[in-house]
Amino acid sequence: MLKLENVSKTYRVGTFGGKELHAVNNVTFDIKENEVVSLIGESGSGKSTIGKMILKLITPTAGKIMVADIDISTIKETNIKEYYRTVQGVFQDPFSCYNPIFKADRLFKNIHEEFYPDVQGQAWEEKVDEVMKCVGLNPEHVLNKFPHQLSGGQLQRFLIARALLLDIKLLVADEIISMLDASTRIDILNLLGELKKKGLSILFITHDLSLAYYISERAVILYRGCVAEFGSSGKIFGTPVHPYTKMLMASVPRLDKKWESVDIHLEEEGRNHYTGCAYYSRCLHPRKDAQCTTKQPPLVEVEPDHFAACYKL
Amino acid sequence: MKKTNEFIYFAFRNKKVLVGLTIIVVFLLVGLFGPLIIKNDPFAYLNPMGAQAPSSEYLFGTTFFGQDVFAQFVLGLRATFLVGVIGGGLATFIGILVGFTAGYRGGLVDEVLNILTNIVLVIPGMAVLLIIAAYLQVRSLWTECIFIGLTTWPWVARAVRAQTFSLRTRDFVDLARLSGMKSTKIIFTEIAPNMMSYLVMSFILEFGGAILTAATLDFIGLGPTNTLSLGLMMQYSVLWGALQLGFWWWFIPPGLAITAIVGAFYTMNVGLDEVFNPKLREL
Amino acid sequence: MTLKIENLTVYYNTLRGDVHALENTSFSIADGEIMGLAGESGCGKTTLGHSLILLKPPMKYIGGKVQLDDYELPIWDMKKMDDFRFSQVSIVPQYAMNAMNPIRKIGTMTEELLRSKKMDYSAIKPELIRRLDLVKLPHEVLDMYPIELSGGMKQRMVMVLSTLLNPSLLIADEITSALDVSSQKAVAEMLVEFRDHEWVKSMIVITHDVSILYQIADTILIMYAGQLAEKASTETIINKARHPYTHLLISSLPKVGVKYSDNPLAGIPGKPPLLLTPPTGCRFRDRCPYAFEKCTEVPPFLEVEKKHYVACWKEFGNHA
């Protein structure tokens, strides 16, 4: 369904754009049809940038993004609507997704105007009713209201409903539940699970490991724009091999296990500009050495459906 | 719309807005309906006595030549408001257009427009106005409006650009793009409505600024040649020695009116800032 | 007993009326106790935390008593509270990273802060340095501007500053929510160390993330819609909660090892009531699967087992 091949996004920073910042560095992974893949990373890992590149909101500097076997960089401005008919996104902050001065259902109106100008009156209302039911919203409770009159969970469902109005095949869900309360979170996650059952492919971007494990078949662990580990979520969480993933697993707060005292290298100032492994400076691997600083380690298969990018496996 | 109501509610509770608005409305009414009451021709030499202090016959007195100061004042007021609306309006319009385009498009378009903005910004506006004004023999009020409009827009452009920049990265704009909406539609239906307060305030500032610039131009003798304005009244009064001869009624009304109008606009602006920005609101 | 709160009620003044953000809360915190305060957004946890140190408009003191050690805190009086703030009660705010003046060096800022409390910077400096070591901040930070520090470093710096005078009570307001997993753990563990070093006698750790509390808190207080729901030891809250809300909340949290495809979890249907016009009785009543007639009365917050307090009629039925 979706395939990223060596995708990079570089920004020029500094006074005269003299420095390069690799927001996304040589990222390769794929999503099969009818599959949920989690893209896990901390802030600054480039996970949202990847989501936005897939949505064609940002153009990659290098590499290829294929959706349904079509290189999306070849899609012209004039055909973009056809692309958005099948690929849609939902973002983190439900409140900033709505123009605060308009009613929430304006989102539906926009879709109506742009994609279904021919569908009129009754037919359109039926369509809206159908998607609202699908996401578990009662139209009477939410239509004709301002965003601030709705709860975060309702707004987030509304956004998903908006995407479902189209014939989407791929949904990019960027941190869609991190701003929600615990009691509503799980409902949205379950909704994603149901949509997947109906044939949708989902890229679930998150920083929360337990949510990723809960919902996805496969997961990508991202560190500073590079893929650290990739494969079936059971294997990644069960037997992590990359030092970064191991550190993450050790420091994520869990309800079933208390923290063990492991030494953690805290984050350091600035980004590394050398060419080696992005995790080198924080890495606690006993055998880390000069090889790690030479160039970005390639993804290698450690077992079927489990890849990691580390020289010292 | 609920939000709008809230703004109006706060606007009418804000003393600064109320005071500013009242002053402006009073002057505006005088300018609008004054001519209906005043029968005197502002240019006619009515009073054979020449300059005379205010009396029941001549409300604001008469000039050196016996012209009715009040009649002139009303006419001047109209010109002043016209400069504000047209000059300030034009500046706001250009500024908004440039600001939106630069802010939303970004990249090269932004660079080019930004250079243009900065060039106009650093051109010593007054000097250019002087040269142009001196070059044209007959100048109408309209030319003055256009001069002012074409030279004072950069401030608006910069402010609008900065706002657009920050709004452009908001998720709802991304969502609008995902809905396949065209850029112009996004700017005018998604971004602009969120900046209404900003745009209104820019216009108010430009309005006051245009009046002030026009008054300065008029005062140094580069104003319109075929009509009258508050600034021109002050110029003539000074020219004919009103200061030395103590004809205070000739220059005080226009001077006070300009100060009051511009001051009222700025006061209103500060007040509106408090209204639009809840953090400054006094409950 | 470090902190004892009795019938504390705080409302929010809004245009549309009073928001009943905190209603009749009574509880206490023991010496050396780290109490986690958890609940969903709008449940009053932040109101509770802030009212103990900085009760300013639109917050409105309605009633209640707060006793800290041997003193009664005059929380309704902003001026009188100055004597207690920072020295007796201190806070690490949610956006601590932005709480620092960007144009002051951190050392200068500390000096000014101490001077305002009539303290001598040079006398305290050795202790300050010692504490910087503990939170793994280099001594040079004192000569740096806030912008030169990363988010996690700033957070740790603010923690050191706010506990410099060994306050009896520290309120930590969502201090880990904006941090990465690794810094989150470091910061949370530092809170425990601060307590162990007796720099702080007891703590209220406000967060929406119960799993962090499970790692560091001794007790957890769960709030719902402006009322206390349950307070007990951390183990008890996580594993043997008695209030239906606590129970549903804990069981809705995904744990590593739980998969949607094997074992879908359930959320709590409905949403919290609006606190402008709060419902009478138990405020969880509408969403509670066990609600019965008695629930139209406000349940008291009673000790049902040793150190286990619950506000639920269902529980009292079994014991009374």
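Analysis parameters
Residues numbered from 1 in each chain as written. Chains lettered and ligands numbered in written order. Predicted model: local features only at pLDDT ≥ 70, side-chain atom pairs only at ≥ 80, totals over all residues. Contact = placed C-beta atoms within 7 Å. Helix = DSSP H or I, 4+ residues; strand = E, 2+ residues; numbered from the N terminus. Nonpolar A, V, L, I, M, F, W, Y, C, P; charged D, E, K, R; others polar. pLDDT = per-residue confidence, 0-100. Buried ≥ 20, exposed ≤ 12 C-beta atoms within 10 Å, placed from the backbone. Core = buried A, V, L, I, M, F, W, Y, C linked by C-beta atoms within 7 Å. Arc of directions from axis to C-beta. Pairing = 2+ DSSP bridges. Right-handed = clockwise from strand over helix to strand, strands pointing away.

1. Side note on the interface of chain A and chain B
Chain A puts 20 residues into the contact, and the matching count from chain B is 16 residues. For the side of chain A that touches chain B, the element with the most residues is helix H3 (residues 106–115) of chain A, which contributes five residues. Of the residues contributing to the side of chain A that touches chain B, the split by class is 12 nonpolar, five polar and three charged.

2. Re the confidence of the model for chain C
The predicted coordinates ought not to be read in detail in places where the model reports low pLDDT. All names here are of chain C. Of the residues in chain C, 98% have a pLDDT of 70 or more, and the chain-wide mean is 88. Looking over chain C, one finds the lowest element-wise mean pLDDT in helix H10 (residues 313–319), namely 74, and the highest in strand E9 (residues 219–224), namely 95. Interface predicted TM-score (ipTM) for the complex: 0.82; the corresponding pTM is 0.82.

3. A look at the environment of Lys15 of chain B
Residue placement: Lys15 of chain B occurs in helix H2 (residues 15–37). A sequence separation of 253 residues divides Lys15 of chain B from Met268 of chain B, and the C-alpha atoms of the two residues are 9.0 Å apart.

4. Concerning unusual backbone geometry
Residue and element names in this part refer to chain C. Cis rather than trans, the peptide bond between Pro57 and Pro58 has omega equal to 5°. The backbone of Lys118 sits at a positive phi, close to 60°, despite the residue not being glycine. For Lys118, the location among the structural elements is in the loop between helix H3 (106–116) and helix H4 (121–134). Residue Lys118 is classed as exposed on the basis of its C-beta count, with 6 C-beta atoms lying within 10 Å.

5. What to know about the nonpolar core
Ranked by size, the top nonpolar core spans 164 residues in total, and within it Ala173, Leu203, Phe204, Val220, Val227 and Ala228 of chain A carry the most contacts. Discounting residues that sit within four places of it in the chain, Ala173 of chain A has contacts with Val90, Leu192, Ile202, Leu203, Phe204 and Ile205 of chain A. Within the second largest apolar cluster, 86 residues are counted, among which are Ile106, Leu137, Val158 and Tyr309 of chain C.

6. Examining helix H9 (residues 183–191) of chain B
All names here are of chain B. Along H9, the residues classified as buried are Ile186, Ile187, Glu190 and Ile191. Buried residues along H9 cover an arc of 110° about the axis, so they all sit on one side. Residues of H9 that are exposed and angled more than 90 degrees away from the buried face: Thr184 and Phe188. Lining the buried residues of H9 we find helix H3 (69–105), helix H7 (154–168) and helix H8 (171–178).

7. Section: the pairing of strand E7 (residues 170–174) of chain A
All names here are of chain A. Summarising burial for E7: five of the five residues are buried, a large majority. Residues Leu170, Val172 and Asp174 of E7 are buried on one face, and the alternating residues Leu171 and Ala173, pointing to the opposite face, are buried as well. Note that strand E6 (residues 87–90) and E7 share four bridges and pair parallel. Looking at E7, one finds that Gln88 is bridged to Leu171. The pairing of E7 with strand E8 (residues 201–206) spans five bridges and is classified as parallel. When the bridges of E8 are listed, Ala173 appears paired with Phe204. Regarding topology, helix H7 (residues 182–197) serves as the crossover connection from E7 to the parallel E8, and that connection is right-handed.

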